[in-house]
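Here's the letter readout for the chains.
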Amino acid sequence: MTKTRRSRSHYGCINCKNRKVKCGEEKPICKNCLRLRLACRYSNTWSRRKRERSENENEGTSESEQSVHPDDLLATTKSRSITYEFLMYHYCTNTAPTLVEVSGDYQGLFAVEYPKKGFKYRFLLDAIYLLSSAHLNHLKPCHEYQQYMLHFNTLAVSGLRTQLDEVVKSNDLEVMEAVAMTSSLLSIYSLTCDSDTPFTGLSGSLMSLFKGMRTVFAHLWPHRDKTGFKVLDDYIDMHSKTKDLGGEYIPDIERVFELQKTNIDTYKPIIESLASMTHVFANEDTKIHRKFHMSTWIISLSPEFLQLTDNFDACALVLLARYFYILSTDKSWFFGDYAYKHYLRVYENIPPHWKSYVELLKDPPP
């Protein structure tokens, strides 16, 4: 007796169930959710029933012939199986050490404190899985890793948006810490991972999330001694000695004012931070401050400057292009060529008579 073909999926994801459409049951994200860019989740109840059914069907089958259950693995290929545990292991042992230039407590913050907090706050855990997937895709690009990136990016961003609306009102220090950790990982991912899409401004990307981060950090920072960020105190003291460096670069950057006559006050702090970043990235003895400068630059962007980039303001684009080029001079896996691609995306939108202000940056760094 032949089995009848099912017209719908009994164990599909929640989105497909709600939309009453057939789900392909692909993991970690089904094709329907991938196409619609939705956060794909599966019901534990459906998954348990499927496991029980699978176990019954496989009863009497040799172990080598039994298929691996999708709840235990994110995905399975002929050559490897990717699990949540594997993504966390890769993050702790391979990705986290690349996020700082010095060892000791600083690495422990990313490799130990972030995962500990992540197992309590799912949006942070998704951000950890996201960056681990991005690192794996950098090392060996493949469609599977790229699916994970899309999946966890959707979940992490959705979770962070929800928390940002409530965290400052609640004044919950622990949640603020998790939000700050998540934002630091997303800032690395959003600005340095590969993108072939045209530049549309900063607010249209994950940068819109970081508008709220200034408020979160303002509330969190005076109490950081009660959080995992307390290990950064010495690092912050060292950073404070470098934040005012780079004065020699300011005159060159300020040449943009030859054409720009408005919004000068908006551009001034951006120019000062770019000059400081240029100094830090150009000198080996200040190398350990590079990641910190990158993050603080993102958080310090004013809503006015973000809006100017959305409006394709020529001066704002020139300054943003400089920022990406500075990042591209660092050979960390998440800077380098990725940052240079972002530089080119911005450069294409700079008016011809403004391009001379970044003309020296048109070639990739050595």
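Up top is the structure these notes are about.
Residues numbered from 1 in each chain as written. Predicted model: local features only at pLDDT ≥ 70, side-chain atom pairs only at ≥ 80, totals over all residues. Heavy atoms only, no water.

Bringing the overall build of the protein into the picture now. Tallying secondary structure elements over the protein gives 16 helices and 2 strands in all. Counting all 366 residues of the protein, 50% fall into the buried class. Put simply, of all contacts in the protein between residues at least 6 apart along the chain, 67% involve residues at least 24 apart. Counting every atom, the protein has about 18,500 Å² of accessible surface; 50% of that belongs to carbon and sulfur. (Helix = DSSP H or I, 4+ residues; strand = E, 2+ residues; numbered from the N terminus. Buried < 20%, exposed > 50% of the residue type's maximum accessible area, 1.4 Å probe, protein only. Contact = heavy atoms within 4.5 Å. Areas by Shrake-Rupley, 256 points an atom, 1.4 Å probe, with all protein chains shown as cover.)

According to the stated counting rule, one finds 16 aromatic pairs in the structure shown. The interplanar angle of 50 degrees and the centroid separation of 6.4 Å between the aromatic rings of Tyr145 and Tyr148 together place this pair among those described as tilted. Of this pair, Tyr145 and Tyr148 both sit in helix α7 (residues 143-170), 3 residues apart, roughly one helical turn. Taken together, Phe281, Trp333, Phe334 and Phe335 form an aromatic cluster joined through their ring pairs. (Phe/Tyr/Trp six-rings, centres within 6.5 Å; stacked < 30°, edge-to-face > 60°.)

The topology assignment puts Leu131 in helix α6 (residues 122-139). Between the C-alpha atom of Leu131 and that of Cys193, which follows or precedes it by 62 residues, the distance is 9.6 Å. For Leu131, the residues in contact, after removing those within four places along its chain, are Thr95, Leu99, Leu185, Ile188, Tyr189 and Trp333.

By secondary structure assignment, the location of Asn32 is in helix α2 (residues 31-36). For Asn32, a relative accessible area of 17% corresponds to the buried category. Side-chain polar atoms of Asn32 contact the backbone oxygen of Lys22, separated by 2.9 Å. When sequence neighbours within four positions are dropped, the list of residues in contact with Asn32 reads Cys16, Arg19, Val21, Lys22 and Cys23. (Polar contact = N/O pair within 3.5 Å; in protein donor to acceptor, adjacent residues only side chain to side chain.)

Our focus in this paragraph is unusual backbone geometry. A positive phi angle is found at Asn263, which is not glycine, with a value near 60 degrees. The topology assignment puts Asn263 in the loop between α11 (250-253) and α12 (264-282). By relative accessible area, which is 36% here, Asn263 ends up partly exposed. Positioned with a positive phi, Phe312 is a non-glycine residue whose angle comes to about 60 degrees. When you line up the elements, Phe312 lands in the loop between α14 (303-310) and α15 (314-328).

What follows deals with the packing of α14 against α15. Running from amino to carboxyl end, α14 crosses α15 at an angle of 100 degrees, the nearest separation of the two axes being 8 Å. For the element pair α14 / α15, the angle class is roughly perpendicular. The residues of α15 that touch α14, namely those facing Phe305, Leu308 and Thr309, are Ala316, Leu317, Leu319 and Leu320. Along the lines of polarity and charge, the residues of the contact of α14 with α15 split into 6 nonpolar, 1 polar and no charged. (Axes fitted to C-alpha atoms, helices over the stretch in contact; angles between N-to-C directions. Parallel < 35°, antiparallel > 145°, perpendicular 65-115°, else oblique. Nonpolar A, V, L, I, M, F, W, Y, C, P; charged D, E, K, R; others polar.)

According to the stated counting rule, one finds 0 disulfides in the structure shown. In this model Cys13 remains outside any disulfide bridge; the closest cysteine sulfur is found in Cys16, 3.6 Å from its own. The exposure class of Cys13 is buried, given its relative accessible area of 0%. (Disulfide = S-S within 2.5 Å.)

A separate point is the packing of α15 against helix α16 (residues 336-347). Two numbers describe how α15 lies on α16: the axes approach to 7 Å, and their chain directions differ by 165 degrees. Here α16 runs roughly antiparallel to α15, going by the angle between their axes. Helix-helix and strand crossings are classified by hand; for α15 and α16 the assignment is left-handed. Counting all contacts with α15, which are made through Leu317, Leu320, Ala321, Phe324, Tyr325, Leu327 and Ser328, the residues of α16 involved are Gly336, Ala339, Tyr340, His342, Tyr343 and Val346. Of the residues assigned to the contact of α15 with α16, the class counts are 10 nonpolar, 3 polar and no charged. (Left-handed = near helix turned anticlockwise from the far one by under 90°.)

Our next topic: α15. For α15, with 15 residues, the first-to-last C-alpha span of 21 Å sits near the 21 Å given by 1.5 Å per residue. Counting buried positions along α15 yields 15 of 15 residues, so the element is predominantly enclosed. N-cap assignment for α15: the residue whose side-chain oxygen lies 3.2 Å from the backbone N of Cys315 is Asp313. (Expected span 1.5 Å × (residues − 1).)

Attention now goes to the nonpolar core. Tyr114, Trp297 and Tyr323 are the most contacted members of the largest nonpolar core, which has 93 residues in total. Examining the composition of this core, we find that 13 residues originate from one element, α15, more than from any other. (Core = buried A, V, L, I, M, F, W, Y, C linked by side-chain atoms within 4.5 Å.)

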